[in-house]
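Below are the chains, spelled out letter by letter.
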Amino acid sequence: QIATLETNKESLPRGDVKHLVTQMQTKNLEPGLYTAIATIEYDQNEIELGKEFKVGKIFIEILDYTKYFINDTVNKFDIDIESQWNRIIRNAYGKVVIGDVATLQTMSYDLDPRERKIITTYWDTRGVAIGKYSANITLYYINKTTNKLGEVNVVTMDDYKKLLQPKYCQLRLLALLQAWLLL
């Protein structure tokens, strides 16, 4: 239970119709689907009626994606996504249009409430020139879309290894410092 609200009380002669209204502040609620239950008291009787309502909007955020790909091979293309909704989103999938050289599509996935997930497709870069390409990533779900524009890079294996090297050097230095501090 999030809140209890009351309306004014009204007498209702047989055959008449009256509207009782109340309002609830929703700015501190998480986006999602909620249920309002109205308890109506009349002539020492009580009835409950319920209705669902939405706060915010159904939304899946694209957090990140693979940006570097090795030329002349099949590469994994990961898209890091997160549901901003408080219910399961079924059959979400992604499409990626890379310049005028490729269109990729992921399998469809279900996302649990507020789940973060990596969805994957594959890009065969055989015959694709080394260089930068525009990337248009679109997620499809519940008659909605989320779109992110960006860039991807096709590089040689040697260049790809160089991209990874600074991370390795930082981790190696950190390990050496930790070992030194333990002495």
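Definitions and limits used
Residues numbered from 1 in each chain as written. Predicted model: local features only at pLDDT ≥ 70, side-chain atom pairs only at ≥ 80, totals over all residues. Heavy atoms only, no water. Helix = DSSP H or I, 4+ residues; strand = E, 2+ residues; numbered from the N terminus. Buried < 20%, exposed > 50% of the residue type's maximum accessible area, 1.4 Å probe, protein only. Core = buried A, V, L, I, M, F, W, Y, C linked by side-chain atoms within 4.5 Å. Contact = heavy atoms within 4.5 Å. Pairing = 2+ DSSP bridges. Axes fitted to C-alpha atoms, helices over the stretch in contact; angles between N-to-C directions. Salt bridge = Lys/Arg side-chain N within 4 Å of Asp/Glu carboxyl O. Patch = residues over 30% accessible without salt bridge, like charges linked within 9 Å, V, L, I, M, F, W, Y side chains within 5 Å. Areas by Shrake-Rupley, 256 points an atom, 1.4 Å probe, with all protein chains shown as cover.

**Student:** Talk me through unusual backbone geometry; I want residue IDs and the actual numbers.
**Tutor:** With a phi close to 60 degrees, Asp 72 is a non-glycine residue in the positive phi region. Of note, Asp 72 is situated in the loop between strand S4 (68–70) and strand S5 (74–83). Of note in this structure, Ile 142 is not a glycine but carries a positive phi near 40 degrees. By the secondary structure assignment, Ile 142 is in the loop between strand S10 (131–141) and strand S11 (144–155). Classification of Ile 142 as partly exposed rests on a relative accessible area of 40%.

**Student:** Can you lay out the nonpolar core for me, pointing to particular residues and giving the numbers?
**Tutor:** By size, the foremost hydrophobic cluster in this structure holds 28 residues, and its most contacted members are Ile 60, Phe 77, Ile 79, Ile 98, Trp 123 and Val 152. For this core, the elements supplying multiple residues, two or more each, are strand S3 (60–65), S5, strand S6 (89–98), strand S7 (102–105), strand S8 (109–111), strand S9 (116–124), S10 and S11. For this core, the element with the highest residue contribution is S10, accounting for 5 residues. In this structure, Ile 60 is in contact with Ile 81, Glu 82, Ser 83, Ile 89, Ala 92, Leu 111, Leu 139, Tyr 141 and Thr 146, ignoring residues within four places of it in sequence.

**Student:** Run through the sheet that holds S3, naming residues and quoting values.
**Tutor:** The antiparallel open sheet is built from 3 strands, whose spatial order is S3-S5-S9. Each edge of the open sheet is held by one strand with a lone partner, namely S3 and S9. Across the sheet, the axes of successive neighbouring strands diverge by a mean angle of 30 degrees, strand direction being ignored. Alignment of S3 against S5, held across 5 bridges, turns out to be antiparallel. Bridge assignment links Ile 60 to a residue of S5, and that residue is Ser 83.

**Student:** Quick one: what's the story with the pattern of salt bridges, residue by residue and with numbers?
**Tutor:** Evaluated as defined, the whole model comprises 8 salt bridges. Here Glu 30 makes a salt bridge to Arg 114, at a shortest N to O gap of 3.8 Å. On the criterion of sequence distance, the pair formed by Glu 30 in the segment before strand S1 (32–42) and Arg 114 in the loop between S8 and S9 is long-range, its members being 84 residues apart. Take Arg 114: its relative accessible area is 32%, and that puts it in the partly exposed class. For Lys 117, the salt bridge identified is with Glu 115, shortest N-O distance 3.9 Å. Its relative accessible area of 21% is what places Glu 115 among the partly exposed residues.

**Student:** Which residues make up a nonpolar patch on the surface, and what values go with them?
**Tutor:** A cluster of nonpolar side chains, contributed by Ile 40, Tyr 42, Ile 47 and Leu 49, occupies part of the molecular surface with about 350 Å² of accessible area. Of all the elements in the fold, those that place two or more residues in the nonpolar patch are S1 and strand S2 (45–55). Summarising the element assignment, Tyr 42 is placed in strand S1. We classify Tyr 42 as partly exposed; its relative accessible area is 41%.

That is the geometry; function is a separate question.
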